[in-house]
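# Observations on chain architecture
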Amino acid sequence: MSMGFGGHLLFDQVTLHIEAGERVCLVGRNGEGKSTLLNIINHTVVPDKAEIYRQPGLRIASLAQEIPSDIFGSVFEISASGLEKDPDATNGNGNRDADEETWQQQAFVNKVLTQLKLDPELKFENLSTGLKRRVLLAKALAGAPDVLLLDEPTNHMDIESIDLIEALLSKFTGTLIFVTHDRCFLEKIATRIIEIDIAKITSWDCDYSTYLKRKADLVDAEEEYHHQFDKKLAVEEAWIRKGIRARRTRDEGRVRALLKMREKRQNRRTRPGSAKMALQEAERTGKLVLKAKGISFSYDGKSVIRDFSVTVMRGDRVGIIGPNGSGKTTLLGLLLQNIVPDEGSVRHGVNLEIAYFDQTREQLDEERTVSDNVANGSDFITVNGRRRHIIGYLKDFLFSPDRARSPLKTLSGGERNRLLLARLFTRPANVLVMDEPTNDLDIQTLELLEELLLEYNGTLLLVSHDRVFLNNVVTSTLVFEEDGNIGEYIGGYDDWQQQKKQVSISKKDPVKIREKKKSASGKGKSGSGNNKLGYMEKRELDALPQQIESMEKEQTGLMEKMSAPDFYKTQGQVIAQIKERHEELESLLAAAYTRWEDLESRNI
């Protein structure tokens, strides 16, 4: 099979066989042709040249990446529209077989809806994006297909939804072919990996972790082969330039071999480079980035966030987890002071420079070009103090010059997310806020983004349903629980799951609860036996935030002086005094924060 779009070759004489009952994941970079291959299998795209054999009577159902805008009706109606229509069935009361079949089909649809925890009476058009995708999956499953095609099935879905889908698909007896960037989902579901790379298809009959190891070994071997080939080619090119000996009859075979080597080198397909993303870091914030105390927020009479407190310090990487619609984006708005809480307060530290990655991509203009969306019509931008041409900058994010000049509306979902990252990283920031940054990104770009965030010295607030991404990046996790309550846990997704199990065991064991209470009460008592704050301590607590802010401002001013180019031209005595005061402020601030946390914990 061969196929190309606009001069770009997606498939170059590839061959593929898929057996019944396999669970196959298609992997490859954005734009390599994964969705196109799904569409070819589904009859919706015809390749330029191919011989395709499908088993007679094969039932194929699919879940596309995008949600159609023209679907209306109840959840049950939409799901039932995926049922296979029997041409022999009639609507007459006399056809008992048809009635029996209709009843069985409806029962099966209800069973699928129950497994996916969907209310059959809800209107499809009123659902969130994640719930709509669950309904469309139910529609695909309703017809009991032999082959199920899924394009990014976990996109826009919360962790609860992903768990449901994983449980359902692990029991699916048909053939499953899917595309995903969710590495945890891939690891659990796939039994075979098909890689699309440089217009070729390679099959790996193994799970994802084994594929990664074998692939790395293959790439190393391929690079060594190319290295040796290029060395030999260089030797032959040097020989041919000598001229006279090359024209001898007995050397004509060597000349012909050289010409073949040149042709082979010219036809070698090079792997596309990795994105070269780099964050611009602003001057450091104070040690305290933000502090929320007892904040509550309701929407339409429903409690979204209830009596929540958190302290975020410089360098913290905080993950936020919760079901779709639970209020994660609202929490970000409250913490960033874009939304006023019904109760409680949010205080920011000093010198905050915030960059916000918006999951709805509202910052992008559909009618402008890719480059204009980043550079606002200019040919140049300044990144990390360097003036760069916008086309060169966008190349770092894998946009070709032609792609950079294309309208935004022609981009795929993954390309849009890459563009939003390119736009975001033009701004210096010491606080990075990212709301679902992983949607649609290919796995290679995801892993690069992880490395970038791990090297970032600023503070990160991250909303994500990507379990591996959370495990690899965050240092603590805020989890939306029942009735607007938010729990705080150390570590990422797996750490939260482990801590949640321990809490559940403790709740079932009254002895452990009593021991925990005893331990807590023993730790809380002061020497006088009274843990409550006295009058003077309350006054001290009220004054501490202002004192800390004042010291941080002074510290920031000293840092600006020390970073000035002519600082070390001043008198040595002045330099020593400034450095000494800076170190003194570090100690004073550490002591002030310790005292503040102690008083806050006892301010009951």
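Please refer to the structure higher up on the page.
All residue numbers here refer to positions counted from 1 along the written sequence of the relevant chain. Selection of residues for local features in this predicted model requires a pLDDT of at least 70, selection of side-chain atom pairs for listing and counting requires 80 or more, and totals for whole chains, interfaces and linings are taken over all residues. Derived side-chain values reflect all non-hydrogen atoms in the structure, with water molecules and hydrogen atoms excluded from consideration.

This next bit is on the overall build of the protein chain. Labels follow the DSSP assignment, with helices taken as runs of H or I lasting at least four residues and strands as runs of E lasting at least two, numbered in each case from the N terminus. Counting its regular elements, the protein chain contains 19 helices and 19 strands. Any residue under 20% of the maximum accessible area for its type is buried, any over 50% is exposed, and the rest in between are partly exposed; the area is computed with a 1.4 Å probe on protein chains only. Residue burial in the protein chain is summarised as follows: out of 604 residues, 44% are buried. Long-range contacts, defined as pairs at least 24 residues apart, comprise 68% of the intrachain contacts of the protein chain with a sequence gap of at least 6. Element-wise, carbon and sulfur atoms account for 49% of the exposed surface of the protein chain, whose accessible area totals about 32,700 Å². Contacts are residue-level and defined by heavy atoms, with any inter-residue pair within 4.5 Å sufficient. For the area figures, the Shrake-Rupley method with a 1.4 Å probe applies, and any residue is considered shielded solely by the protein chains shown.

With that out of the way, let us pick up the nonpolar core. Of all hydrophobic cores here, the largest spans 44 residues; its most connected members are Tyr393, Leu394, Leu419, Met434 and Leu449. No other element matches helix α13 (residues 413-424), which puts 5 residues into this core. Beyond its immediate stretch of four places on either side in the chain, Met434 contacts Phe357, Leu421, Leu424, Leu449, Leu453, Leu460, Leu461, Leu462 and Val463. In these notes, a set of buried Ala, Val, Leu, Ile, Met, Phe, Trp, Tyr and Cys residues joined through side-chain atoms within 4.5 Å is what counts as a nonpolar core. Counting 43 residues, the second-largest nonpolar core is a separate cluster that includes Ala61, Val75, Ala190 and Trp204.

Pairing in this open sheet of 3 strands is antiparallel, and the strands run β10-β9-β12 from one edge to the other. With partners counted over all chains shown, the strands left at the sheet margins are β10 (302-313) and β12 (343-348), one partner each. Neighbour-to-neighbour, the strand axes of this sheet turn through a mean angle of 15 degrees, independent of strand direction. Note: two strands are recorded as paired if DSSP finds a minimum of 2 bridges between them. Relative to β12, strand β9 (residues 288-299) runs antiparallel, the two sharing 5 bridges. When the bridges of β12 are listed, Ala292 appears paired with Val346. The strands touched by helix α19 (residues 572-602) are β9, β10 and β12; relative to β9, the strand with the most contacts, the crossing angle is about 30 degrees. The axes are straight lines fitted to the C-alpha atoms, using for helices just the contacting stretch, and the angles between their N-to-C directions are given from 0 to 180°.

Another aspect to go through is the pattern of salt bridges. Any two side chains of opposite charge can pair, given that their charged atoms come close. Take a side-chain nitrogen of Lys or Arg and a carboxyl oxygen of Asp or Glu: if they are within 4 Å of each other, that pair is a salt bridge. Counted by the stated rule, this structure contains 23 salt bridges. Notably, a salt bridge pairs Lys553 with Glu549, separated by 3.9 Å at the nearest N-O pair. In this pair, Lys553 and Glu549 are both assigned in helix α18 (residues 535-563), 4 residues apart and thus about one turn of the helix distant. Connected through shared salt-bridge partners, Asp163, Glu166, Asp182, Lys188 and Arg467 make up one network.

It is worth spelling out the packing of aromatic side chains at this point. Any two rings among Phe, Tyr and Trp, with Trp reduced to its six-membered ring, count as a pair given centres within 6.5 Å; such a pair is stacked if its planes are under 30 degrees apart, edge-to-face if over 60, and tilted if neither. Within the structure shown, the criterion is met by 7 aromatic pairs. Aromatic pair Tyr393 and Phe397: ring centres 5.2 Å apart, planes at 55 degrees, arrangement tilted. One exposure class covers both Tyr393 and Phe397, and it is buried. When the centroid spacing of 6.4 Å and the interplanar angle of 50 degrees are considered together, the rings of Phe397 and Phe425 count as tilted. With Phe397 in the loop between α11 (390-395) and α12 (401-404) and Phe425 in the loop between α13 and β16 (431-435), this residue pair connects regions lying 28 residues apart in the sequence. Side by side, Phe397 and Phe425 carry an identical accessibility label, which is buried. Feature note: the residues Trp204, Tyr208 and Tyr211 constitute an aromatic cluster, connected by ring pairs. Our definition puts a charge over a ring when NZ of Lys or CZ of Arg is within 6 Å of the ring centre and also within 35 degrees of the ring normal. Above the face of the Trp596 ring, Lys291 is positioned so that its terminal group lies 4.9 Å from the ring centre.

As a further point, take the side chain of Glu195. When you line up the elements, Glu195 lands in strand β7 (residues 192-197). The exposure class assigned to Glu195 is buried, which follows from its relative accessible area of 7%. At a separation of 2.9 Å, a polar atom in the side chain of Glu195 contacts the side chain of Lys215. Excluding residues that lie within four positions of it along the chain, Glu195 makes contacts with Val27, Lys200, Ile201, Thr202, Trp204, Tyr211 and Lys215. Whenever two N or O atoms come within 3.5 Å, that pair is a polar contact, provided that in protein one can donate a hydrogen and the other can accept it, and provided that, for residues adjacent in sequence, both atoms are side-chain atoms.

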